[in-house]
Number of protein chains: 2
Amino acid sequence: MASVLVPLAEGFEEVEAVAMVDVMRRGGIEVTLGHLNVDSADDLVTGANGITLKADNSVYEVITDDFDMIVLPGGWGGTHALAENERVQTLLKEFNAKDKRIGAICAAPFALKKAGVLGNNYTCYPGSKDEVNHPGYRSDLKVVEDGKILTSQGPGTALCFGLEIVKRLVGVESYQAIKNGMLLGFC
Amino acid sequence: MASVLVPLAEGFEEVEAVAMVDVMRRGGIEVTLGHLNVDSADDLVTGANGITLKADNSVYEVITDDFDMIVLPGGWGGTHALAENERVQTLLKEFNAKDKRIGAICAAPFALKKAGVLGNNYTCYPGSKDEVNHPGYRSDLKVVEDGKILTSQGPGTALCFGLEIVKRLVGVESYQAIKNGMLLGFC
């Protein structure tokens, strides 16, 4: 079974995180929501719009080898926290060094850039591209694949982003079944 | 400020609930997530895909007069719980009697039918229409308005459903700003 780590920082964009996780779990992917607190029991994280999620574990309690991919939701507050958190930055560098997949949506490619893992063929939230300030931004695609790095634009593309992850980690049959079942004809 | 009650039962469809709440809060609507436990401190609710949300209050601690609208997320587990919960059924009947707006997405129109508030012009999840088993199902629209009753189809239409609620409770300018800001051109 494929497994994915989704770090959640205070201020994360709720629909981006939940859309990706919902789609991935429907595809049979084992998803771990990782909070950024050292105390693993301190597991509630509140997003940009005041929605609080219960995370599964602390990012300090997980190891890169247990996952096939790490995926970052956006939201500026959450993104800045992910970019400034040493543990998350170390995880991103480890996933990259081990040639594992890395994903980021909306503002979160900023945190990939900070870790030095963002290539020159990516997308992000259109309103964030100046702050990401990195060559290779694509405005024409909902999801951009560049080697092992998968990026997407924002809330309206989060379900499609989840689908593209399922296609890669599980397969095209699961992708198509979820696309039909969730009424995602626009993806 | 407009205010909306969103009852959350175990087994709710996470992306539907979170998408609607995210959009509504971006529109400045005061949204209360209501869990179905009598103890108001027992406020964690787990959805169909294992994502746990923290609710704001118990449905037993809120009153109809404090809200402009009640909106039900789908997911079969959550829908059956909403249909069988006497407090939620009473709330639906009160909102209807006071000519307040009522919304439901995916399987949740089943809970409106149980309360006797579903009219003969509605939509729901295509795979749920036989269990809803009510005349007036529309397959051609993402969101159907029938007087004060607003219904929608499923996960892929939840963001659009939230937008339509914002259009009605807040206004078209807010609707358009959120549609652009969340990249919801497909709505």
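Residues numbered from 1 in each chain as written. Chains lettered and ligands numbered in written order. Predicted model: local features only at pLDDT ≥ 70, side-chain atom pairs only at ≥ 80, totals over all residues.

**Student:** Explain the interface of chain A and chain B here, please?
**Tutor:** Note on interface size: it is often stated as the accessible area lost on association of the parts. Listed as interface residues are 25 residues of chain A and, on the opposing side, 25 residues of chain B. When contributions to the side of chain A that touches chain B are tallied by element, the ones reaching two or more residues are helix H1 (14-26) and strand S4 (52-54) of chain A. Of the residues forming the side of chain A that touches chain B, the biggest block, eight residues, is contributed by H1 of chain A. Class assignment for the residues of the side of chain A that touches chain B results in 13 nonpolar, seven polar and five charged. One ladder, built from three bridges, connects S4 of chain A with strand S4 (residues 52-54) of chain B; its direction is antiparallel. Paired with Thr52 of chain A across the bridge in S4 of chain B is Lys54 of chain B. (Contact = placed C-beta atoms within 7 Å. Helix = DSSP H or I, 4+ residues; strand = E, 2+ residues; numbered from the N terminus. Nonpolar A, V, L, I, M, F, W, Y, C, P; charged D, E, K, R; others polar. Pairing = 2+ DSSP bridges.)

**Student:** Would you mind showing me how to read helix H3 (residues 86-97) of chain B here?
**Tutor:** Residues and elements named next belong to chain B. Under the 1.5 Å per step criterion, the end-to-end length of H3 is 16 Å for twelve residues, consistent within 8% with the ideal 16 Å. Turning to H3, its buried residues number three or more, namely Val88, Leu91, Leu92, Phe95 and Asn96. Taken around the axis of H3, the buried residues stretch over an arc of 135°, which confines them to a single face. Turned more than 90 degrees from where H3 packs its buried face, Glu86 and Ala97 sit exposed. (Expected span 1.5 Å × (residues − 1). Buried ≥ 20, exposed ≤ 12 C-beta atoms within 10 Å, placed from the backbone. Arc of directions from axis to C-beta.)

**Student:** What is the right way to look at the confidence of the model for chain A in this model?
**Tutor:** Low pLDDT means the predicted coordinates in that region are not meant to be read closely. Summarising the model, chain A shows a mean pLDDT of 98, and 100% of its residues fall at 70 or more. If you check the scores for this complex, the pTM reads 0.98 and the ipTM reads 0.97. (pLDDT = per-residue confidence, 0-100.)

**Student:** Even after reading the chapter, I still don't get the environment of Gly147 of chain A, so can you show me in this structure?
**Tutor:** All names here are of chain A. Here Gly147 shows up in the loop between strand S8 (143-146) and strand S9 (149-152). Here Gly147 falls in the exposed class, since 11 other C-beta atoms lie within 10 Å of it. Linking Gly147 and Arg101, residues 46 residues apart in sequence, is a C-alpha distance of 8.4 Å.

**Student:** Which parts of the structure should I look at to understand the nonpolar core?
**Tutor:** A general feature of soluble globular proteins is that nonpolar side chains tend to end up buried together. With 136 residues, the main nonpolar core has Val6 and Met20 of chain A together with Val6 and Met20 of chain B as its most contacted residues. What Met20 of chain B contacts, discounting residues up to four positions off in sequence, is Val6, Val71, Pro73, Ala158, Phe161 and Gly162 of chain B. (Core = buried A, V, L, I, M, F, W, Y, C linked by C-beta atoms within 7 Å.)

**Student:** Whenever I open this one, the relation of the copies chain A and chain B confuses me. Can you help?
**Tutor:** Between the two copies of this chain, the relationship is a rotation about some axis together with a displacement along it. The transformation that overlays chain A on chain B combines an axial shift of 0.0 Å with a rotation of 180°, and the residual RMSD is 0.0 Å. Both chain copies can therefore be described as sitting about a two-fold axis. If distances are taken from each C-alpha of chain A to the rotation axis, the shortest is found for Leu53 of chain A, at 2.4 Å. By residue overlap, the copies meet face to face through one surface: 100% of the interface positions of chain A are interface positions in chain B. (Least-squares fit on C-alpha atoms with pLDDT ≥ 70 in both.)

**Student:** Help me understand the sheet that holds strand S5 (residues 57-58) of chain A in this model?
**Tutor:** In a beta sheet, neighbouring strands pair by backbone hydrogen bonds and run either parallel or antiparallel. Residues and elements named next belong to chain A. Pairing is mixed in the open sheet, where seven strands are placed in the order S5-S2-S1-S6-S7-S9-S8. Only two strands of the sheet have a single neighbouring strand rather than two, namely S5 and S8. Sheet topology note: the strand S6 (residues 69-72)/strand S7 (residues 101-105) ladder contains four bridges and is parallel. Counterpart to Ile70 in the pairing with S7 is Ile102. Relative to strand S1 (residues 3-8), H1 is tilted by about 165°, and along the sheet it contacts S1, strand S2 (30-35), S6 and S7. (Axes fitted to C-alpha atoms, helices over the stretch in contact; angles between N-to-C directions.)

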